[in-house]
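Observations on chain architecture
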Amino acid sequence: MSMLVDSLLKKIQGRQARVGVIGLGYVGLPLAVEFARCGFITTGIDVDPRKVDAINSGRSYIPDVADEEVSALRKAGRLTATTDFAALSELDTVNICVPTPLRKTKDPDMSFVVAAADQVAAYLHAGMLVILESTTYPGTTEEVLRTRFESGSLRAGRDFFLAFSPERVDPGNPTFNTRNVPKVVGGSTLNCQTVAAALYGAALEKVIPVSSTRVAEMVKLLENTFRAVNIGLVNELALMCDRLGIDVWEVIDAARTKPFGFMAFYPGPGLGGHCIPIDPFYLSWKAKEHGFESRFIELAGHVNATMPHYVVEKIAEALNGHRKALNGSSVLIVGLSYKRDVDDIRESPSMDIYKSLKKKNHQVLAVEPHLAAESELQTVSLDEATTKADLLVYLVAHKVFKGKKVPANKKVLDFCRAGPLAP
Ligand SMILES: NC(=O)c1ccc[n+]([C@@H]2O[C@H](COP(=O)([O-])OP(=O)(O)OC[C@H]3O[C@@H](n4cnc5c(N)ncnc54)[C@H](O)[C@@H]3O)[C@@H](O)[C@H]2O)c1
C-alpha cells in the first residue's frame, strides 16, 4: 500500500482527517453533520451565503437536521461553513453534493458539477480524497472529474483518490437517514476504493463497495428508475381503473397482502422532487449516446407527466357534475410539496396543477403547512380555506391532514388518500 494511502487511512481512523462537503443542501448538510458527529473537523462549502451564515449561527434549514445538532457541533468546533473554496487547500477529503437538474430539453445540466470540479481541481493536492455524491449518468466521475484532476501531473490512485458514492437519503423518512442507509461506493482504482470506504465506514453504519465508479453511478440510476417505472405503471393502472369504475386503492391494498413477488406502489398526481422525475433521464441521455433507446424510462416519464393534466380534468369534471364551472368556483389545493411531510416543492406536480388552475380561475387557494411563513407562495390555513372552498383537492398525504374532518357540504377529490380518506 502506498504511503499516501496509509497516511490518509491513519488520519481517518484517528479522526484527524480534515473533511469537507461542497453543496450544503438536502444531501450535503446531513452528510456534513454525520462526519462532524463522529469526530471529524468538518468544513462545509456552499455558494449560498445564507446557508453558510445559518450553519455558522448554529441553525439548520433542512427539516431532517435539528437546530440543536448544528449548534452543538458548532460549539464543539467540529462544524464550520464557508463560501471560500480556498478552504479546500486544507482539506484531506471532500464530498461533492451539488445539484444535477435537467435542462428544458431533458438533457443533463452538468454546470453545477463542472463548477464544483473546477474549484476542486484548483486546490487538488497530493493525498486528497474527492468523492462525488450528486446523482449523475454513468461515466461522470471518470469523464468530468478525473480528466480535470489529471490535467497536471497528479494521477488518481497514486497521488490523489477519487470515488463515486450515490446519496440515497429520503427526506422526511423517520426511520432511514444518512447514517443508517447502506453506502454504496466505487473507486477509480483500488486505492481510491479503500480510502473512500474507510471514510464512510468511520461515519456511517454500513458500506457496500462496488468495483468501479461507473457501477456506483448506475446503482443509483437503477434504484430511481425502478421507482419511476413502477410509479408510472401504477399511475397508468389508476387511469385504467378510473375508466373501468374500479377503486385502484382497494385493488392495491388487496394485492399487497401477497407475501412475495409484489411490492406496492401508489398512484398520485404525478412525479416530483429533485430525483425520481429527473435521474432516469440522465440514464436515457447517456444510453442514447451509445445508440440505445430506453423505452421503459421514456414511457414511464410520459405517463407520469400526464397525471397533472388528468387531475385538472377530474377537477373540471367534478365541478361540472355540480353544475359549476372551473372559472368562478373556489378550489382548494391541499398539499403543494412533492411528497408527504416535506417542504420541498421542486418539480412538484401539485405546483403544476396549482399554476394551471390559477390560469383558468383566480379563486384557487392552496394549503401547504410545511412551507415557511416567509415563503413567496401565499398559502392559507386548512380550516380557513375549507370554509371558503367549493371543492377540496387532496394532492399530498401529509400526516397533519390525516383524519381532518371536512364538512358534509364540501366536495372532495382525493388523489393520494389524505385527509378524510386517510387509511
Ligand atoms: N434531495 C434528495 O432527496 C436527494 C436524494 C439523493 C440524491 N440527491 C442528489 O444529490 C444532489 C444534491 O441534491 P440536493 O437535494 O442536496 O440539492 P440542494 O439544491 O438541496 O443542495 C445543493 C447545494 O449545492 C449548492 N451549490 C450549487 N452549486 C455549487 C457550487 N458550485 N459549489 C458549492 N455549492 C454549490 C447550492 O447552493 C445548494 O445549497 C443531486 O445530484 C441530487 O440528485 C438528492
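Just above sits the structure.
Throughout what follows, the structure given in this document is the object of discussion. (Residues numbered from 1 in each chain as written. Predicted model: local features only at pLDDT ≥ 70, side-chain atom pairs only at ≥ 80, totals over all residues. Heavy atoms only, no water.)

1. Details of empty space enclosed by the protein
Taken as a whole and judged by the stated rule, the model has 2 cavities of 30 Å³ or more. In this model, the largest cavity occupies a volume close to 40 Å³. Taken together, Tyr26, Pro63, Asp64, Pro171, Gly172, Asp341, Val342 and Asp343 make up the full set of residues lining the largest cavity. Residues belonging to the lining of the largest cavity are distributed by class as follows: 4 nonpolar, 1 polar and 3 charged. Put simply, the second largest cavity is a space of about 30 Å³. Forming the walls of the second largest cavity are Glu167, Arg168, Val169, Thr178, Val181, Pro182 and Lys183. (1 Å grid on protein atoms, 1.4 Å probe; cavity = no way out; pocket = protein on both sides within 12 Å on 5 of 7 lines; lining within 4 Å. Points joined across faces, edges and corners; volume = space filled by probe spheres on them. Nonpolar A, V, L, I, M, F, W, Y, C, P; charged D, E, K, R; others polar.)

2. A look at the sheet that holds strand β12 (residues 411-414)
Spatial strand order, β10-β9-β11-β12: 4 strands in an open sheet with parallel pairing. A strand with exactly one partner marks an edge of an open sheet, and here the two such strands are β10 (364-367) and β12. Neighbour-to-neighbour, the strand axes of this sheet turn through a mean angle of 20°, independent of strand direction. Relative to strand β11 (residues 391-394), helix α11 (residues 295-321) is tilted by about 155°, and along the sheet it contacts β9 (331-334), β11 and β12. The sheet contacts of helix α12 (residues 349-360) involve β9 and β10, and relative to β10 the element is tilted by about 160°. (Pairing = 2+ DSSP bridges. Helix = DSSP H or I, 4+ residues; strand = E, 2+ residues; numbered from the N terminus. Axes fitted to C-alpha atoms, helices over the stretch in contact; angles between N-to-C directions. Contact = heavy atoms within 4.5 Å.)

3. Points about the pairing of strand β2 (residues 41-45)
Burial runs high along β2: 4 of the 5 residues are buried. Relative to β2, strand β1 (residues 18-22) is paired through 5 bridges, and the arrangement is parallel. Bridging across to β2, Arg18 finds its partner in Ile41. Two strands pair when backbone bridges link them, and β2 and strand β3 (residues 79-82) are joined in this way by 4 bridges, in the parallel orientation. (Buried < 20%, exposed > 50% of the residue type's maximum accessible area, 1.4 Å probe, protein only.)

4. Some points on the pairing of strand β7 (residues 183-187)
With 5 of its 5 residues buried, β7 lies for the most part within the structure. Residues Lys183, Val185 and Gly187 line one face of β7 and the alternating positions Val184 and Gly186 line the opposite face, and both faces are buried. The pairing of β7 with strand β8 (residues 207-210) spans 4 bridges and is parallel. Counted as the bridge partner of Val185 is Pro209 from β8. Crossover connection from β7 via helix α7 (residues 190-203) to parallel β8: handedness right-handed. (Right-handed = clockwise from strand over helix to strand, strands pointing away.)

5. A look at the site of the ligand
Lining the immediate surroundings of the ligand are 28 residues, of which Val27, Asp46, Lys51, Thr100 and Thr135 lie closest. Tyr26 is positioned with one of its backbone polar atoms (N or O) 3.1 Å from an oxygen atom of the ligand. Contact between the ligand and Thr135: an oxygen atom at 3.0 Å from a main-chain N or O atom of the residue. Contact with the protein chains covers 92% of the free accessible surface of the ligand, which is 830 Å². The leading source of residues in the shell around the ligand is helix α5 (residues 111-123), at 3 residues. Tallied by class, residues from the shell around the ligand come to 16 nonpolar, 6 polar and 6 charged. (Near = heavy atom within 4 Å. Polar contact = N/O pair within 3.5 Å; in protein donor to acceptor, adjacent residues only side chain to side chain. Areas by Shrake-Rupley, 256 points an atom, 1.4 Å probe, with all protein chains shown as cover.)

6. Some details on helix α6 (residues 140-149)
Thr140, Thr141, Val144, Leu145 and Phe149 are the residues of α6 that are buried. Buried residues of α6 fall within an arc of 110° about the axis and therefore sit on the same side. Among the structural elements, β4 (93-96), α5, β5 (129-132), β6 (161-164) and α8 (213-244) are those in contact with the buried residues of α6. (Arc of directions from axis to C-beta.)

7. Some details on the sheet that holds β7
The strand order across the open sheet built from 8 strands is β3-β2-β1-β4-β5-β6-β7-β8, with neighbouring strands paired in mixed fashion. The two strands at the open ends of the sheet, each matched to only one other strand, are β3 and β8. Taking each pair of neighbouring strands and ignoring which way they run, the sheet shows an average axis angle of 25°.

8. Comments concerning the packing of α8 against α11
Interhelical geometry of α8 versus α11 gives an angle of 45° and a closest axis separation of 8 Å. Looking at the two axes, α8 sits oblique to α11. By crossing handedness, the relation of α8 to α11 is classed as left-handed. Across from Thr225, Ala228, Val229, Ile231, Gly232, Asn235, Glu236, Leu239 and Asp242 in α8, the residues of α11 making contact are Phe296, Ile297, Ala300, Val303, Asn304, Thr306, Met307, Tyr310 and Lys314. Taken together, the residues of the contact of α8 with α11 sort by class into 10 nonpolar, 5 polar and 3 charged. (Parallel < 35°, antiparallel > 145°, perpendicular 65-115°, else oblique. Left-handed = near helix turned anticlockwise from the far one by under 90°.)

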